[in-house]
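The lines below spell out each chain.
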Amino acid sequence: MIRGIRLLSLALTICWITQGLNAQTEPREGIERRTPEIHAITGADVITEPGEIIKSATILIEDGVITAVGTDVQVPANARTWDRSGHVITAGFIDMDLRIDMEESAEASRAGRSWNRKVHPEFDTAQGLVIDPGVASGFRKAGFTNALVSPAQGIFSGSAVFTRLVGGSDRRALIEDQVAISGGLQAGGWRGGGGYPGSRMGGMALVRQTMLDAIWYREAWNSHRAHPDHLPRPESNLSLEALFPVLDGTTPLALRTRDVLETLAIGEALDEFKINTWYHGNGQEYLQVDAVAATGAPFILPVNFPDTPTVDGVGGDTGVTLRTLEMWATAPENPERLRRAGVPFTFTSRGLDSPSDFAGQVTTSIERGLPADVALAAVTTEPARLIGVEDRFGRVAV
């Protein structure tokens with residue numbers, strides 16, 4: 001199956017990127033074309049979803065939407081036919097961790113914002129989102145047609161949005177905004193990122209204090225609204241207000257982590273808030289697999305496994321430690337160990353030199369025991385389910 005996965009995006013990249021793009025809200029210029037655009041992809045083996053395959057199938061696409069899949073599909077005379085015999089087709093991959101350097105303008109007002117420039121959960125990633133066309137093209141060539149995108153900077157970075165990887169500033173690329181609020185303990189922030197916090201401990205304290213402040217802020221407003229004549233009006237704080245959906249459990253808090261101990265520490269610190277948490281993993285989860293499973297949270301796993309150490313010959317590194325060798329040997333088993341422990345996970349190409357390296361890295365995990373269907377689900381049906389778009393993405397279906 002993985003050999004086919006390397007080829008999978010050739011046909012369906014067009015299909016899944018253009019799905020729904022024809023419905024537009026801006027006025028059309030000139031004479032509107034009403035002739036339907038129909039494509040038929042024939043002859044390929046189609047993996048409709050992990051574990052389900054139709055041999056020598058036909059996929060019919062009308063105006064960017066799949067209208068039929070099967071072996072007995074009637075192809076209209078006006079359809080453009082693409083013969084993909086010998087290919088394997090599946091739904092476009094979804095990368096769950098694409099981070100982009102985004103900053104508010106230097107002139108942006110801080111009125112109604114957090115006192116700390118590294119706390120900006122109110123930042124709307126959809127506003128002004130631009131993915132470099134070259135970057136988007138590299139993802140598509142590797143089979144990725146969609147991504148969950150968030151700002152790279154900040155303790156509370158801003159919203160994570162689900163978008164098509166079309167590149168440029170096409171406003172129709174956005175599919176879902178406010179999928180999650182992104183964050184992490186990294187000390188970096190906007191415009192240089194100096195100031196508090198400058199350490200992991202400080203970051204942990206700021207995350208917890210900000211959550212407590214959000215609870216207080218909401219209660220203060222509720223009390224004021226109930227007794228406006230007796231209680232003063234609280235100040236406005238858009239940063240704390242943006243965390244209300246997180247406190248309610250309706251919007252996940254997606255946290256970046258640098259090692260498994262950081263994952264467990266921040267999980268323990270946030271346990272009192274009973275929120276819905278996602279973790280951008282770090283590849284070390286297998287070191288504490290039982291504790292990771294006990295979090296009950298889904299993980300977004302990188303596949304940037306350690307390079308093979310050079311330990312022999314004249315150029316060998318005599319300083320390679322046993323721990324380095326153990327991590328090199330064991331890291332590719334991380335997804336399978338989490339699967340056996342019942343931890344839900346998806347994949348990301350983040351950390352690789354290029355998205356084109358993704359298939360080879362996943363192949364390594366499959367060779368270490370990860371079922372191929374599970375690997376495919378981790379970039380199709382599982383991310384679609386997690387984001388809440390499983391009715392439109394993750395499968396090749398009507």
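Per chain, residue numbering runs from 1 following the sequence as it is written. Where local features are concerned, this predicted model is filtered to residues with pLDDT of at least 70; where side-chain atom pairs are given and counted, the filter is 80 or more; whole-chain, interface and lining totals use all residues. Side-chain measures here rest on the full set of heavy atoms in the structure, leaving out hydrogens and waters.

Student: Talk me through the overall build of the protein chain; I want residue IDs and the actual numbers.
Tutor: Of the regular secondary structure elements, the protein chain holds 13 helices and 13 strands. Each residue is placed in one exposure class: buried if its accessible area under a 1.4 Å probe, protein chains only, is under 20% of its type's maximum, exposed if it is over 50%, and partly exposed if it falls in between. Each of the 398 residues in the protein chain was classed as buried or not, and the buried ones make up 50%. By definition, residues are in contact when any of their heavy atoms lie within 4.5 Å. Within the protein chain, contacts between residues at least 6 apart in sequence are counted, and of these 70% link residues at least 24 apart. To be clear on the numbers: accessible area is Shrake-Rupley with a 1.4 Å probe, and residue cover counts the displayed protein chains and nothing else. Entry remark: accessible area of the protein chain is about 18,900 Å², with carbon and sulfur atoms responsible for 49%. Where helices and strands are cited, they refer to DSSP runs of H or I of at least four residues and of E of at least two residues respectively, numbered from the N terminus.

Student: Hey, could you go over the confidence of the model for the protein chain for me, with residue numbers and the actual values?
Tutor: Here the protein chain averages 87 in pLDDT, and 85% of its residues register 70 or above. As a per-residue measure, pLDDT reflects the predictor's confidence and takes values from 0 up to 100. Confidence over residues 1-22 falls short of pLDDT 50; this stretch has 68 contacts with residues more than four positions distant or in other chains.

Student: With reference to specific residues and values, describe the pattern of salt bridges.
Tutor: Pairing between side chains of opposite charge can happen when their charged atoms approach one another. Each reported salt bridge corresponds to a side-chain nitrogen of Lys or Arg within 4 Å of a carboxyl oxygen of Asp or Glu. For the coordinates displayed, the defined rule picks out 17 salt bridges. One salt bridge connects R113 with E122, and the closest N-O pair in it is separated by 3.4 Å. We classify E122 as buried; its relative accessible area is 17%. R200 is the salt-bridge partner of E262, the closest N and O atoms lying 3.2 Å from each other. With E262 in helix α7 (residues 260-270) and R200 in helix α4 (residues 200-226), this residue pair connects regions lying 62 residues apart in the sequence. In this structure, a network of salt bridges that share partners links the residues R200, R258, D259 and E262.

Student: Describe the sheet that holds strand β8 (residues 156-164), listing the residues and the values that go with them.
Tutor: With mixed pairing, 8 strands are arranged side by side in an open sheet as β6-β7-β8-β9-β10-β11-β12-β13. What marks the edges here is a single partner per strand, and that holds for β6 (93-100) and β13 (345-348). Looking at each pair of strands side by side, their axes are set apart by 30 degrees on average, direction ignored. Where strand β11 (residues 277-280) and strand β12 (residues 299-302) come together, 2 bridges link them in parallel fashion. Of the residues in β12, the one forming a bridge with Y279 is F299. Strands are treated as partners if at least two bridges between them are detected by DSSP. Only the contacting stretch of a helix is used when fitting its axis, a line to C-alpha atoms as for every element, and angles between N-to-C directions run 0 to 180 degrees.

Student: Break down the side chain of E336 for me, citing the residues and quoting the values.
Tutor: Within the secondary structure, E336 sits in helix α10 (residues 334-340). With relative accessibility at 5%, the residue E336 sits in the buried group. Here E336 is in contact with R368, G369, L370 and P371, once residues within four sequence places are set aside.

Student: How would you sum up the packing of aromatic side chains? Please name residues and give values.
Tutor: Geometrically, a pair of aromatic rings is defined through the distance of the ring centres and the angle of the planes. Aromatic rings from Phe, Tyr and Trp, with only the six-membered ring used for Trp, were paired whenever their centres fell within 6.5 Å, and each pair was classed as stacked if the ring planes differed by under 30 degrees, edge-to-face if by over 60, and tilted otherwise. All told, the structure shown has 11 aromatic pairs when counted by the stated rule. Taking 5.8 Å as the distance between ring centres and 85 degrees as the angle between the ring planes, the aromatic pair formed by F139 and F144 counts as edge-to-face. Three or more aromatic residues joined by ring pairs make a cluster, and in this case those are F93, F139, F144, F345, F347 and F358. Any Lys NZ or Arg CZ found within 6 Å of a ring centre and within 35 degrees of that ring's normal is scored as a charge over the ring. Positioned over the ring face of F244 is R218, at 5.4 Å from the centre of the ring.

Student: Quick one: what's the story with the packing of α4 against α7, residue by residue and with numbers?
Tutor: In contact at an axis separation of 10 Å, α4 and α7 are set at 30 degrees when each is read in the N-to-C sense. By the angle between their axes, α4 is roughly parallel relative to α7. Crossing of α4 against α7: the hand is right-handed. For the pair α4 and α7, contact is made by R200, M204, V207, R208 and M211 and by E262, A265, I266, A269 and L270, respectively. Across the contact of α4 with α7, the residue classes break down as 7 nonpolar, no polar and 3 charged. Oblique is the label for every angle not falling under 35 degrees (roughly parallel), over 145 degrees (roughly antiparallel), or within 65 to 115 degrees (roughly perpendicular). Each crossing gets its handedness from the near helix: less than a right angle anticlockwise from the far helix is left-handed, clockwise is right-handed. Residue polarity is assigned by list, with Asp, Glu, Lys and Arg as charged and Ala, Val, Leu, Ile, Met, Phe, Trp, Tyr, Cys and Pro as nonpolar; anything else, Gly included, falls into the polar class.

Student: Quick one: what's the story with the environment of G143, residue by residue and with numbers?
Tutor: With respect to the helices and strands, the residue G143 is situated in the loop between α3 (133-141) and β7 (144-151). When the C-alpha atoms of G143 and P355 are compared, they prove to be 8.7 Å apart, with 212 residues separating the residues in sequence.

Student: I'd like a rundown of the nonpolar core, residues and numbers included.
Tutor: In terms of nonpolar packing, the biggest core is built from 65 residues, with M211, L270, F347 and F358 touching the most fellow members. Considering each element in turn, this core owes the most residues, 7 residues, to α4. Those residues in contact with F358 that sit more than four places away from it in its chain are F93, F144, V303, F347, T348, S349, L352 and V379. Residues I94, M96, A254 and F393 belong to the second largest nonpolar core, which totals 16 residues. To define a nonpolar core, start from buried Ala, Val, Leu, Ile, Met, Phe, Trp, Tyr and Cys residues and group those joined through side-chain atoms within 4.5 Å.

Student: Lay out the environment of R340 with the relevant residues and their values.
Tutor: Position of R340 relative to the elements: it lies in helix α10. On the basis of relative accessibility, which here comes to 56%, the residue R340 falls in the exposed class.

Student: Which residues make up the side chain of T277, and what values go with them?
Tutor: Structurally, the position occupied by T277 is in strand β11. Look at T277 and you get buried, because its relative accessible area is 11%. Once residues within four sequence positions are removed from consideration, T277 is found in contact with L253, L255, A297 and P298.

Student: Tell me about the pairing of strand β9 (residues 174-184), and name the residues and values.
Tutor: When β8 meets β9, the two strands line up antiparallel, connected through 6 bridges. Paired with F162 across the bridge in β9 is E176. Of the strand pairs in this sheet, β9 and strand β10 (residues 253-256) are connected by 4 bridges, and their pairing is parallel. For I181, the partnering residue across the bridge sits in β10 and is L253.

Student: Tell me about the pairing of β13, residues and numbers included.
Tutor: Residues F345 and F347 of β13 are buried on one face, and the alternating residues T346 and T348, pointing to the opposite face, are buried as well. Relative to β13, β12 runs parallel, the two sharing 4 bridges. Bridging from a neighbouring strand, F299 pairs with F345 of β13.

Student: Tell me about the environment of F156, and name the residues and values.
Tutor: In this structure, F156 sits in strand β8. Linking F156 and K118, residues 38 residues apart in sequence, is a C-alpha distance of 6.6 Å.

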